[in-house]
Amino acid sequence: MARINKDWIDAYFEYGIDISNRKVFLFDDIDSGSIGAVIKGLYLMESQDDTKPIELFVGSFGGSEYEMFALYDVCRTLVSPIHTTAIGKCMSASPLLVAAGEIGHRYATPHTFFMVHEGWEDIGIKRLEELSVDLKHYRQMGQKWGELMGKHSKKPSKFWLNLCKKPGDTFFNAEQALEWGLIDYIWEEKE
């Protein structure tokens, strides 16, 4: 009988990484802890066989833009095809991760709700000169997010950036995500 590595069991239960079935479940906030574990799992799966797809299931309220870009870059540079599925909620930093999947293999469940909004950061107490540098950086990150959303959907970056300029959060459903080219298919319900 094969012995299961304790680290694999811990990763499965804490972070939803199923190495043997090449599935990753990202249902936590997108932060350094969850994304670090996801990235390690992705690289481990690719090292085992880079010809087989890896499935990334995303059901998150979002989180850090830095971690979003880190996982995006990993998904786009791995040799293994990444198939993505949005489940339940795909908000803030999450829609870009679903859109970054292999074209033709980006899914959502029928009742998934998506949301985008303007980026924000808690920058604490700083001098005015430091605030202007920070604001420039955050605007550049927002611009880059819009460019990537435009690259991976049927809508231009300006469309996505305009959605984020609206006051508050902008919600949309799986049908709209499909129409806008963020996903390729909506899972069908059983008869």
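Shown above is the structure to which this text applies.
Residues numbered from 1 in each chain as written. Predicted model: local features only at pLDDT ≥ 70, side-chain atom pairs only at ≥ 80, totals over all residues. Heavy atoms only, no water.

With that settled, the discussion passes to helix α3 (residues 65-77). Taking 1.5 Å as the rise per residue, α3 with 13 residues should run 18 Å; its terminal C-alpha atoms sit 18 Å apart, in good agreement. Buried within α3 we find Glu 65, Glu 67, Met 68, Phe 69, Leu 71, Tyr 72, Val 74 and Cys 75. The opening residue of α3, the one whose side-chain oxygen lies 3.2 Å from the backbone nitrogen of Tyr 66, is Ser 64. (Helix = DSSP H or I, 4+ residues; strand = E, 2+ residues; numbered from the N terminus. Expected span 1.5 Å × (residues − 1). Buried < 20%, exposed > 50% of the residue type's maximum accessible area, 1.4 Å probe, protein only. Polar contact = N/O pair within 3.5 Å; in protein donor to acceptor, adjacent residues only side chain to side chain.)

Our focus in this paragraph is the packing of helix α2 (residues 32-48) against α3. Relative to each other, α2 and α3 sit at 10 degrees, their axes nearing to 10 Å. Considering the angle they form, α2 stands roughly parallel to α3. Along its contact with α2, which presents Ser 32, Ile 35, Val 38, Ile 39, Leu 42 and Tyr 43, the element α3 presents Glu 67, Ala 70, Leu 71, Val 74 and Cys 75. A class-by-class count of the residues in the contact of α2 with α3 yields nine nonpolar, one polar and one charged. (Axes fitted to C-alpha atoms, helices over the stretch in contact; angles between N-to-C directions. Parallel < 35°, antiparallel > 145°, perpendicular 65-115°, else oblique. Contact = heavy atoms within 4.5 Å. Nonpolar A, V, L, I, M, F, W, Y, C, P; charged D, E, K, R; others polar.)

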